[in-house]
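Topology and contacts: notes
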Amino acid sequence: MKRVSAWVTYLQVAPLALIFLLFLVVPIATIIVVSFFDYNTTQIIPAFLLQNYEELLLSPVTWATYLQTIQFSIITWAITLVIGFAVAYFLAFEVRSTTWQMVLFLVCTIPFWTSNVIRMISWIPFLGRNGLANMTLMQLGLIREPLEFLLFSNFAVVLTYVHLYTLFMVVPIFNSMMRIDRSLLEAARDAGASSWQTLWTVIVPLCKPGIAIGSIFIVTIVMGDFVTVRMMSGGQSASVSLMMMNAMSLLQYPAAAANAVVLLLLVLFTVAAMMRLVDIRKEL
Amino acid sequence: MATKPDVELVAVTKRFGETAAVDQVSLRIPAGSYCCLLGPSGCGKTTTLRMIAGHEEASEGDIILGSENITHLPPAARGTAMMFQSYALFPHLDCTDNVAFSLRMRGVDKDKRRAQAREMLKRVQMEPFAGRLPAQLSGGQQQRVALARALITDPQVLLLDEPLSALDPFLRIKMREELKALQTRLGISFIHVTHSQDEAMALADLVVVMNHGKIEQAASAREVFNKPASAFVARFIGGHNVLPAAVARAKGEGAFVAIRADRIVVQPGNAPVDATSLAGVTRSVEYLGSTVQVGVDVMGLETLSAVVPEARFDANPVAPGQPVVLSWAPKDVHVLGR
């Protein structure tokens, strides 16, 4: 066999390497570099200062915002996990015909046919003070006054997250479930397992990679989100990305960059922790 | 220990929609016997096994184990255990936990169930692999673990769904011997589904030949081979030539007769055709080692085969295309019921 010379190999990996370099390495490197810059109200000044990080990490606002974002992530993660697992379970084990499985799966993706923002906004007339939800509850006589917490609240933010992103949990878990050999469930039944025991001792452990992938999706999306928080909390809640937005609108790019680096590290650690818990390579 | 129970099927039927996969099957499997359900794919043998196991609900009829009607009991309450075709070992559990699974479901505490599982693994010579995951085991090893898992609940009947089909031929024969030895040692009934007549003949005390959801014959291997009940059984079990009764000039009720291939004498030439011989043309000669199988075309019949010991073949060899005469003794003609 003829040996391919080294530069041919380099040439072959060059396009992808270039794309990564241009669109991943360079931007992140820029953010890291800028995070050490100085700034005033009109300009950013190249420098190497730790001031941005100091200001960020010593401010109680930062800590509160991070806690808020982490809280949103955890609540959203927990809810989407339960709903996503249930939907995936129904699709994978309760729906027997492949045709119906595909049909119902497509139905699950219907929300994705419109943009995120539109789906978000469409909650507003539903949840508002005189919205559908309040009107219906009042007409049924269940409440006397409109529920205020429905819209422009943390409740609304989490609800929207769940609505927008549950499918990201459903798909990987469904995929894991479809790979489970059905005879394993019979073997469990043969060994005397109740359906509940089969779920906990066979299905859940075998779905772990799917759960991990779904969790990574949800956590990274929610941690990086600012549109939902801004729209659905009515400006009453903050998120880390919203903080960055605000900094940028004041042209405080170095401050925003420092914040971005901190958030990036946090997300990377979270994902790394999840990967340690579950070997997702099996699924890829 | 209490006396071992018989398994009895009483007019058991399983319908999938309109079609009956198993049609009014009645069968008694004596305690402590090795029973093989044998038949082509789609004959209802696996469905029958799954109904005994409780993984398929019988549409009609009763399944009785000892003195208890188990037709509607859940699988684990029947005193049966099943070994699945591809073993169905839990991929996320090591061998010990796989074997201990049913004990875990019963709430036996961890140390006790793992100790018991290890004991069981020792009995199938798998103790050195106790900590391995199923994916790290060979087919034969997986089968042993699956056996250990099925046996840990002390079942009265072990159900095996094509247990040897996933193994290579060499291992298949080895595991076959082990299964038989294990059954003899445990003294419980094994019900084993297979489509291989060799397997059934080698293992079974009771061979149950099934076709189209019905039992064609249920008897000892010897009886099934020497006195096949029907043309289907004679053909499926192999080693037989099925002829129209008129051709063999046999007396009796049946329309067909069976003559064992090894009882047919092949001679070259166009010798006169008497009542117990036929003239034909050699179609094929296959050397099988200690025997030679000769295929012969006879006008108006399906290809007949004769199995001739090597020495006798060498004394009187025939070649493809050569005219030959097949003859047999009248006592070797077995009249078939159907």
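All chains use their own residue numbering, which begins from 1 and follows the written sequence. Think of it this way: whatever chain is written first is A, whatever ligand is written first is 1, and the rest follow in order. Totals for whole chains, interfaces and linings use all residues, but because this is a predicted model, local features are given only for residues with pLDDT of at least 70 and pairs of side-chain atoms are given and counted only at 80 or more.

If you check an unreviewed UniProt entry, chain B appears there as ABC transporter ATP-binding protein from Reyranella soli. UniProt positions are given in the numbering used here, feature names are shortened, and annotations may be inferred rather than shown by experiment. Among the UniProt annotations of chain B, the heading Sequence similarities (unreviewed entry) holds the following wording: "Belongs to the ABC transporter superfamily."

The name given to chain A in an unreviewed UniProt entry is Spermidine/putrescine ABC transporter permease, with the source organism recorded as Reyranella soli. Recorded in UniProt for chain A, the comment headed Subcellular location (unreviewed entry) runs: "Cell membrane". Reading the Sequence similarities (unreviewed entry) entry of the UniProt record for chain A gives the comment "Belongs to the binding-protein-dependent transport system permease family. CysTW subfamily."

On to the sheet that holds strand 4 (residues 60–65) of chain B, then. Residue and element names in this part refer to chain B. In this description, strands pair whenever DSSP reports at least two bridges between them. Numbering goes from the N terminus for both helices and strands, where a helix is a DSSP run of H or I of at least four residues and a strand is a run of E of at least two. Spatial strand order, 2-1-4-5: 4 strands in an open sheet with antiparallel pairing. Because the sheet does not close on itself, it has two edges, and the strands there are strand 2 (19–29) and strand 5 (68–69). Relative to strand 2, strand 1 (residues 7–16) is paired through 7 bridges, and the arrangement is antiparallel. Note on strand 2: the bridge partner recorded for Glu 8 is Arg 28.

Given the number of residues in a helix, its expected span is that number minus one, multiplied by 1.5 Å. For helix 4 (residues 98–109) of chain A, which comprises 12 residues, the first-to-last C-alpha distance of 17 Å matches the rise-based estimate of 16 Å (1.5 Å per residue) to within 8%. When you tally the buried positions in helix 4 of chain A, you get 0 out of 12 residues, a small fraction of the element. The burial label depends on the number of other C-beta atoms within 10 Å of a residue's C-beta. Counts of 20 or more mean buried, 12 or fewer mean exposed, and intermediate counts mean partly exposed, with C-beta atoms placed from the backbone.

Residue and element names in this part refer to chain B. Per the annotation, domain bounds derive from an automatic or database assignment of domains. Assigned domains of chain B: these are domain 1 (7–232) and domain 2 (255–336). A separation of 39 Å is found between the C-alpha centroids of domain 1 and domain 2. Between domain 1 and domain 2, the residue contacts involve 4 residues of the former and 4 residues of the latter. Our contact criterion uses C-beta atoms placed from the backbone: two residues qualify when those atoms are within 7 Å.

This part is about the sheet that holds strand 15 (residues 291–297) of chain B. Two strands in a sheet stick together by hydrogen bonds in their backbones, pointing the same way (parallel) or opposite ways (antiparallel). Residues and elements named next belong to chain B. The antiparallel open sheet is built from 5 strands, whose spatial order is 13-17-14-15-16. Lying at the two open borders of the sheet, with one neighbouring strand each, are strand 13 (265–268) and strand 16 (304–309). Across the sheet, the mean angle from the axis of one strand to that of its neighbour is 45°, orientation sign disregarded. Examined bridge by bridge, strand 14 (residues 277–287) and strand 15 share 6 bridges and lie antiparallel to one another. Within strand 15, the position partnered with Val 281 by the bridge is Asp 297. To get an axis, a line is fitted to the C-alpha atoms, and for a helix only the part in contact is used. The angle between two axes follows their N-to-C directions and goes from 0 to 180 degrees.

Now for the UniProt feature "transmembrane region" (unreviewed entry) in chain A. Residue and element names in this part refer to chain A. In the numbering adopted here, UniProt assigns the feature "transmembrane region" (unreviewed entry) to residues 7–37, 70–91, 103–127, 147–174 and 253–278. Strand forms 0% of residues 70–91 and helix 100%; the C-alpha atoms that close the span are 30 Å apart. Counted over residues 103–127, helix gives 72% and strand 0%. Its end C-alpha atoms are 30 Å apart.

Below, the discussion takes up the interface of chain A and chain B. Each partner contributes to the interface: chain A provides 14 residues, whereas chain B provides 15 residues. Elements represented by at least two residues in the side of chain A that touches chain B include exactly helix 9 (182–190) and helix 10 (195–224) of chain A. Per element, the largest residue contribution to the side of chain A that touches chain B is 6 residues, and it comes from helix 9 of chain A. Polar here means any residue other than Ala, Val, Leu, Ile, Met, Phe, Trp, Tyr, Cys and Pro, which are nonpolar, and Asp, Glu, Lys and Arg, which are charged; Gly is therefore polar. Partitioning the side of chain A that touches chain B into residue classes produces 7 nonpolar, 3 polar and 4 charged.

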